[in-house]
Amino acid sequence: MLVPKSHLEIVLILFLSCGAFQSVHGLENGLALVPPMGWMTFERFRCMTNCELFPRDCISEALIRRTADLLVSEGYAAVGYQYLIIDDCWMEASRDRATHELQPNLNRFPSGMRVLGDYIHYNGLKFGLYHDVGEKTCMFRGPGAARHFELDAQTFASWGVDYVKMDGCYATEEDIDRGYPDFGMAMNLTGKPMVYSCSWPFYKSKPDYALIAKHCNLWRFAADVQDSFASVIKIMSRYSNKQDVLIANAGPGRWNDPDMLVLGNFRLSYDASRVQLAIWAVMGAPLIMTNDLETVRPEIKQLLQNRDIIAIDQDSLGQPGKMVLKVQNFQVWVRSVNPMNDVGDNSFAVAFVNQGGYALCPLCPQKFEVPLHRLGLKSRMGYNVMYRKFRLVQAER
Ligand code: GLA
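Residues numbered from 1 in each chain as written. Predicted model: local features only at pLDDT ≥ 70, side-chain atom pairs only at ≥ 80, totals over all residues. Heavy atoms only, no water.

Trainee: Any chance you could explain helix α4 (residues 173–190) here in plain terms?
Mentor: An α-helix turns once per 3.6 residues; consequently, residues spaced three or four apart project the same way. For α4, which comprises 18 residues, the first-to-last C-alpha distance of 26 Å matches the rise-based estimate of 26 Å (1.5 Å per residue) to within 8%. The sharpest bend along α4 reaches about 30 degrees and sits at G179, with the proline P181 one to four residues further on. Regarding α4, the residues found buried are I176, G179, Y180, P181, F183, G184, A186 and M187. For α4, the secondary structure elements touched by its buried residues are β4 (126–132), α3 (149–159), β5 (163–167), β6 (195–198) and α5 (209–215). G191, located one to two residues past α4, shows a positive phi value of around 80 degrees. (Helix = DSSP H or I, 4+ residues; strand = E, 2+ residues; numbered from the N terminus. Expected span 1.5 Å × (residues − 1). Bend = angle between axes of the 7 residues up to and from the residue. Buried < 20%, exposed > 50% of the residue type's maximum accessible area, 1.4 Å probe, protein only. Contact = heavy atoms within 4.5 Å.)

Trainee: Please explain the pattern of salt bridges as it appears in this structure.
Mentor: It is possible for side chains of opposite charge to pair when their charged atoms get near one another. With the rule as written, the count across this model stands at 20 salt bridges. Notably, a salt bridge pairs R95 with D152, separated by 2.8 Å at the nearest N-O pair. Taken as a pair, R95 in the loop between β3 (83–86) and α2 (113–122) and D152 in helix α3 lie far apart in primary sequence, 57 residues in all. Comparing R95 with D152 shows no difference in burial state: the two are buried. When salt bridges with common partners are traced through the structure, they connect R56, R66, D292 and E294 into a single cluster. (Salt bridge = Lys/Arg side-chain N within 4 Å of Asp/Glu carboxyl O.)

Trainee: Sorry, what's going on with helix α8 (residues 270–283) here?
Mentor: Here α8 is 14 residues long and its end C-alpha atoms lie 20 Å apart, about the 20 Å a rise of 1.5 Å per residue gives. In terms of burial, α8 is a largely internal element, 11 of the 14 residues being buried. Taken residue by residue, α8 has A272, S273, V275, Q276, L277, A278, I279, W280, A281, V282 and M283 as its buried positions. Where α8 terminates, the next one or two residues include G284, which has phi positive at roughly 70 degrees.

Trainee: Teacher, can you tell me more about the state of the cysteines here?
Mentor: Such a bond, covalent and formed between the sulfur atoms of two cysteines, is termed a disulfide. Within the structure shown, the criterion is met by five disulfides. One disulfide in the model links C138 with C169; its S-S distance is 2.0 Å. Residues C138 and C169 are joined by a disulfide whose S-S torsion is about 95 degrees; by sign, that bridge is right-handed. Separated by 31 residues along the polypeptide, C138 in the loop between β4 and α3 and C169 in the loop between β5 and α4 bring together distant segments of the chain. Counting its disulfide-bonded cysteines in sequence order, the protein shows a connectivity of 1-4, 2-3, 5-6, 7-8, 9-10. (Disulfide = S-S within 2.5 Å.)

Trainee: Even after reading the chapter, I still don't get the packing of aromatic side chains, so can you show me in this structure?
Mentor: By convention here, two paired aromatic rings are described through the distance between centres and the angle between planes. Tallied over the full model, the rule gives 17 aromatic pairs. With a centroid separation of 6.1 Å and an interplanar angle of 45 degrees, the aromatic rings of W39 and F45 are classed as tilted. On the numbers, 6.5 Å between centres and 35 degrees between planes, the contact of F330 with F352 is tilted. Of the two residues, F330 sits in strand β11 (residues 330–340) while F352 sits in strand β12 (residues 346–354), which places them 22 residues apart along the sequence. For F352, a relative accessible area of 28% puts it in the partly exposed group. Ring-pair connections join several aromatic residues into one group, and the members of that group are F149, Y180, F183, Y196 and W200. When the ring centre of Y119 is taken as reference, the NZ or CZ atom of R65 above it lies at 4.6 Å. The ring of F140 is capped by K136, whose NZ or CZ atom sits 5.1 Å from the centre of that ring. (Phe/Tyr/Trp six-rings, centres within 6.5 Å; stacked < 30°, edge-to-face > 60°. Lys NZ or Arg CZ within 6 Å of the ring centre and 35° of its normal.)

Trainee: Please explain the site of the ligand as it appears in this structure.
Mentor: Taken together, F42, D87, D88, Y130, C138, M139, K165, D167, R220 and D224 form the complete shell of residues around the ligand. At a separation of 2.7 Å, an oxygen atom of the ligand approaches a polar side-chain atom of K165. Interatomic distance of 2.6 Å between a side-chain N/O atom of D224 and an oxygen atom of the ligand. For the shell around the ligand, the per-class residue count stands at four nonpolar, no polar and six charged. (Near = heavy atom within 4 Å. Polar contact = N/O pair within 3.5 Å; in protein donor to acceptor, adjacent residues only side chain to side chain. Nonpolar A, V, L, I, M, F, W, Y, C, P; charged D, E, K, R; others polar.)

Trainee: Just checking my understanding: could you explain the nonpolar core for this structure?
Mentor: Soluble globular proteins: nonpolar side chains tend toward being buried together. By size, the foremost hydrophobic cluster in this structure holds 106 residues, and its most contacted members are Y81 and W90. With nine residues, α8 is the single largest residue contributor to this core. With near-sequence residues (within four places) excluded, Y81 lies in contact with M37, G38, L71, Y76, L125, L261, L287, M289, L304 and I310. Counting 13 residues, the second largest nonpolar core, distinct from the first, contains L325, V332, V370 and V385. (Core = buried A, V, L, I, M, F, W, Y, C linked by side-chain atoms within 4.5 Å.)

Trainee: In this structure, what is going on with the sheet that holds β5? I would like to understand it.
Mentor: The pairing of strands in a sheet comes from backbone hydrogen bonds and takes either a parallel or an antiparallel form. Overall, parallel pairing links the eight strands, which are arranged β8-β7-β6-β5-β4-β3-β2-β9 in an open sheet. Of all the strands in the sheet, the pair left with one neighbour each is β8 (255–257) and β9 (287–289). The mean inter-strand angle of the sheet, taken between neighbouring strand axes irrespective of direction, is 25 degrees. Here strand β7 (residues 218–220) runs beside β8; their pairing, made up of three bridges, is parallel. Within β8, the position partnered with L218 by the bridge is W255. Taken strand by strand, α2 contacts β3 and β4, and its axis lies near 140 degrees from that of β4. (Pairing = 2+ DSSP bridges. Axes fitted to C-alpha atoms, helices over the stretch in contact; angles between N-to-C directions.)

Listed below in structure tokens is the structure:
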């Protein structure tokens with residue numbers, strides 16, 4: 001991180017390198033003033049419902065209780081990971097015949113969602129649930145919200161749900177444009193504050209981000225993340241190709257969601273893990289892990305709990321960053337962050353990404369030099385570079 005020098009010459013802070021809230025706009029439910037952090041069942045556990053064959057990996061209350069315990073005991077909750085979100089495949093295939101309410105699958109969630117929500121809250125965490133604005137959930141395992149918005153919002157409120165991930169499968173584009181605001185309204189009417197995560201743009205040929213930002217706390221703008229570096233890079237390009245419109249509509253209370261952090265699974269190397277975490281922080285993305293917390297390797301756990309990177313993601317200026325330079329497979333990403341100096345210049349988090357494939361030596365590190373002003377760093381007083389906490393080097397203009 002580069003902190004502008006000031007006349008007073010006080011400085012603290014951080015780093016970035018890798019392989020004050022303003023007023024709330026948009027949904028204005030007062031939630032997600034910084035990007036939400038937490039854990040979600042998909043992508044790691046996908047739609048595993050066979051608990052006989054896969055007792056540890058099936059979507060069940062056992063998995064959720066185990067994860068709640070680990071979020072706390074392994075130190076994730078203490079650094080900010082607080083939302084525990086059950087993605088698709090928690091439901092019974094049909095609604096309750098008499099009340100038409102959604103029902104959790106009885107075999108896998110025998111205690112019911114209210115009790116599970118209490119357990120999550122008892123651990124000091126927050127409870128998130130997946131739903132779909134259309135006729136069915138994406139995995140076709142449960143009923144969508146269509147024609148039941150008020151009832152479903154009330155059911156969620158009665159279960160103590162704090163976060164709703166609303167998908168958009170099995171709906172037309174017109175249903176989607178009506179459905180997202182209407183479900184948001186139904187949630188507001190319950191009086192229970194719930195973060196509203198929308199997949200709205202993903203289901204539109206030409207998303208209207210200004211409209212979406214009025215109704216959602218976060219929105220998915222790219223395809224599902226997979227457990228691979230190629231997928232991470234693809235989402236990064238999706239963001240950088242649209243970054244002007246994505247940045248213009250995001251800020252406190254309304255965030256671009258590039259999907260989950262796949263760190264801690266099978267296929268990201270240590271360096272690829274650093275890239276995903278750092279770039280997600282520069283984007284100001286929700287930091288929602290999807291992994292088995294029991295088997296996350298210690299060095300990846302350390303990354304996921306790196307308070308310096310988390311501080312960049314949760315920065316109080318609330319401005320998402322962007323890719324400012326791309327030279328072949330080398331990219332530089334920059335985010336304006338606090339603190340400011342005494343003449344109003346802000347600091348910057350800067351991430352260098354070497355995607356590899358360097359012609360002369362594909363797997364080698366690359367040397368790269370660039371004047372700071374080409375990255376948009378133009379403080380006339382110069383910058384101090386903070387490389388991790390307490391390690392300070394000077395950077396000239
Ligand atoms: C869609 C979403 C994913 C996940 C699955 C579950 O693909 O984009 O994030 O919720 O549905 O079915």
